[in-house]
Amino acid sequence: MNGKFISIEGIEGAGKSTQLQFIADFLRSKGKQVVVTREPGGTTVGEQIRNILLEPAEQPMSEDTELLLMFAARAEHLQQVVKPALQRGDWVLSDRFVDATFAYQGGGRGVCERRIAALADWTLQGCHTDITFLFDLPVALGQLRVDQRPQQRDRFEQEQQAFFERVRQCYLARAQAEPGRIKLIDASQTVEAIQYQLQQPLEQLLSNESND
Ligand code: TMP
């Protein structure tokens, strides 16, 4: 693969959207072609799957269905968007990727990690992110920010605080296990302070690329 692959992660209300735009603008200012995308979604089929996953429903969705739909959307995303872009030498910036499945379906729902890892091996086939920014903040603060949004809460946003605590802990454990790839960002800081923290790892990745 010629390009670089970056994802951003965090619990609801972590401020991912603002930072996604900043990262894209920063990389474009350095002359990079950037493909901004998201999971679940990023393709026609993936966006349809996203609607199924996020739409609040009267009948609860089974954990296995949720897990498999996440990976179905991801398989499509990888084939149609991520791999072709990386092969062209573009930079791919994805709002969430596979770490979200370990955190939400693994940590949040309690699905066995080995099961997720098996699906990840099958679907990703070695396509991993170069950097994942984890925007971390206390769950209560994230929930406050979600409350301030005009739109109705989606199926995940309707979960209880304890669910997001488990998601957060799982993300933090992953960041601790893979500090080279997962960069932990304190998302309770000001937007400017966060952007300052993002620049150093991005500069590093840019200089790695020119040395490749
Ligand atoms: P977002 O676009 O607002 O981040 O919403 C996507 C939701 O989907 C969010 O609540 C996290 C959830 N999700 C999972 O549960 N597992 C996954 O693998 C991914 C990519 C997202």
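Overview of the structure. Values in this document were obtained by computation on a predicted structure and should not be read as measured data. (Residues numbered from 1 in each chain as written. Predicted model: local features only at pLDDT ≥ 70, side-chain atom pairs only at ≥ 80, totals over all residues. Heavy atoms only, no water.)

All right, on to the site of the ligand then. Every one of the 13 residues lining the ligand counts as a neighbour, but Glu12, Arg50, Arg96, Thr101 and Gln105 are closest to it. Measuring from an oxygen atom of the ligand, one finds a side-chain N or O atom of Arg74 at 3.1 Å. Between the ligand and Arg96 there is a distance of 2.5 Å, counted from an oxygen atom to a side-chain nitrogen or oxygen. Relative to its free-state accessible area of 480 Å², the ligand is covered by the protein chains to the extent of 93%. Secondary-structure elements contributing two or more residues to the shell around the ligand are helix H3 (63-88) and helix H4 (98-108). Among the elements that line the shell around the ligand, the one with the most residues is H4, at 4 residues. For the shell around the ligand, the residue count by class is 5 nonpolar, 2 polar and 6 charged. (Near = heavy atom within 4 Å. Polar contact = N/O pair within 3.5 Å; in protein donor to acceptor, adjacent residues only side chain to side chain. Areas by Shrake-Rupley, 256 points an atom, 1.4 Å probe, with all protein chains shown as cover. Helix = DSSP H or I, 4+ residues; strand = E, 2+ residues; numbered from the N terminus. Nonpolar A, V, L, I, M, F, W, Y, C, P; charged D, E, K, R; others polar.)

Pairing in this open sheet of 5 strands is parallel, and the strands run E2-E3-E1-E4-E5 from one edge to the other. A single partner strand is all that each edge strand has here, and the edge strands are strand E2 (34-38) and strand E5 (182-186). Averaged over all neighbouring strand pairs, the angle between strand axes comes to 20°, with direction disregarded. The pairing of E2 with strand E3 (residues 91-95) spans 5 bridges and is classified as parallel. The partner of Arg38 across the bridge, within E3, is Asp95. Packed onto the sheet, H4 meets strand E1 (4-10), strand E4 (131-136) and E5 and runs at close to 25° relative to E1. (Pairing = 2+ DSSP bridges. Axes fitted to C-alpha atoms, helices over the stretch in contact; angles between N-to-C directions. Contact = heavy atoms within 4.5 Å.)

Pairs of aromatic rings are described using the distance from one ring centre to the other and the angle between the two planes. Inspection of the entire model under this criterion finds 6 aromatic pairs. A centroid spacing of 6.0 Å and a plane angle of 85° characterise the contact between Tyr104 and Phe156, whose relative ring orientation is edge-to-face. In this pair, Tyr104 is assigned in helix H4 and Phe156 in the loop between helix H6 (139-147) and helix H7 (161-177), connecting sequence segments 52 residues apart. Phe156 matches Tyr104 in its accessibility class, with the two residues each being buried. (Phe/Tyr/Trp six-rings, centres within 6.5 Å; stacked < 30°, edge-to-face > 60°. Buried < 20%, exposed > 50% of the residue type's maximum accessible area, 1.4 Å probe, protein only.)

Turning to the pattern of salt bridges, a few remarks are in order. This model, assessed by the stated rule, comprises 18 salt bridges. In this structure, Glu12 engages Arg96 in a salt bridge whose closest nitrogen and oxygen atoms are separated by 4.0 Å. Here Arg96 lies in the loop between E3 and H4 and Glu12 lies in the loop between E1 and helix H1 (16-29), a separation of 84 residues in the sequence. Exposure class is identical for Glu12 and Arg96. Each is buried. Linked through salt bridges whose partners overlap, the residues forming this network are Glu66, Arg109, Arg155 and Glu159. (Salt bridge = Lys/Arg side-chain N within 4 Å of Asp/Glu carboxyl O.)

Turning our eyes to something else, we now look at the environment of Arg174. Structurally, Arg174 can be placed in helix H7. A residue is classified by how much of its surface remains accessible, and Arg174, at 16% relative accessible area, is buried. When the C-alpha positions of Arg174 and Phe102 are compared, they lie 8.8 Å apart, and in sequence the two are 72 residues distant. When near neighbours in sequence (up to four residues on either side) are disregarded, Arg174 contacts Asp99, Phe102, Arg181 and Ile182.

Ile23, Leu27, Tyr104, Phe133, Phe135 and Leu198 are the most contacted members of the largest nonpolar core, which totals 43 residues. In this view, Ile23 contacts Ile8, Leu93, Phe133, Leu198 and Leu202; residues no more than four positions away in its chain are not counted. If you look at the next biggest cluster of nonpolar residues, it comprises 19 residues, including Phe71, Val92, Val111 and Ala120. (Core = buried A, V, L, I, M, F, W, Y, C linked by side-chain atoms within 4.5 Å.)

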